[in-house]
Amino acid sequence: QVQLVESGGGLVQAGGSLRLSCAASGTDFRVNGMGWYRQVPGKQRELVASITGAGNTNYADSVKGRFTISRDNAKNTGYLQMNSLKPEDTAVYYCNVGRALFNPTRYSPYIPSDYWGQGTQVTVSS
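Numbering of residues starts from 1 in every chain and runs along the sequence as written. This being a predicted model, a pLDDT of at least 70 is required before a residue's local features are given, and a value of 80 or more before pairs of side-chain atoms are given or counted; all residues contribute to the totals for chains, interfaces and linings. The basis for every side-chain value is the complete set of heavy atoms in the structure, and neither hydrogens nor water enter the calculation.

Asks: Explanation requested: the pattern of salt bridges in the structure shown.
Replies: Side chains that differ in charge, positive against negative, can pair when their charged atoms come close. The term salt bridge refers to a side-chain nitrogen of Lys or Arg lying within 4 Å of a carboxyl oxygen of Asp or Glu. Scanning all chains against the criterion turns up three salt bridges. For Arg38, the salt bridge identified is with Glu46, shortest N-O distance 3.1 Å. For Glu46, a relative accessible area of 31% puts it in the partly exposed group. Of the charged contacts, one joins Arg66 and Asp89 as a salt bridge, the two residues approaching to 2.7 Å between their closest N and O atoms. Of this pair, Arg66 sits in the loop between strand E6 (57-59) and strand E7 (67-72) while Asp89 is found in the loop between strand E8 (77-82) and strand E9 (91-98), placing the two residues 23 residues apart along the sequence. Exposure remark for Arg66: the relative accessible area of 10% places this residue in the buried category. Through salt bridges that share partners, Arg38, Glu46, Arg66 and Asp89 make up one connected network. Classification of residues uses two cut-offs on accessible area relative to the type maximum, computed with a 1.4 Å probe and protein chains only: under 20% is buried, over 50% is exposed, and between them is partly exposed. Working definition: helices are DSSP H or I runs of at least four residues, strands are E runs of at least two. Numbering for both runs from the N terminus.

Structural measurements only, silent on function.
Shown next as structure tokens:
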């Protein structure tokens, strides 16, 4: 069974940095890719960063230039490095493993699956 365990959230002042981690078992980020999402009460869950199985990355405009998604293939762990944090970044952050595709290529996109981590709270104070 796929399991995703997130960690690294916390309280940080504006302008600070955090690194979120997502440890995976039962799946392989190199094959399926992964995404980081965030959600605040009353809002839709928002995709903030993704990486494909081939290593191609994409970012929401709101975090571009500040956040970096990466993975450690040996540890099968995904990361979200968050720099220059703003109060509007406050949310619960979730990781998601990409859905397996029938005919994957180097250009295959990340597509979300139904597997999610438990979420980790990030709070940015001003």
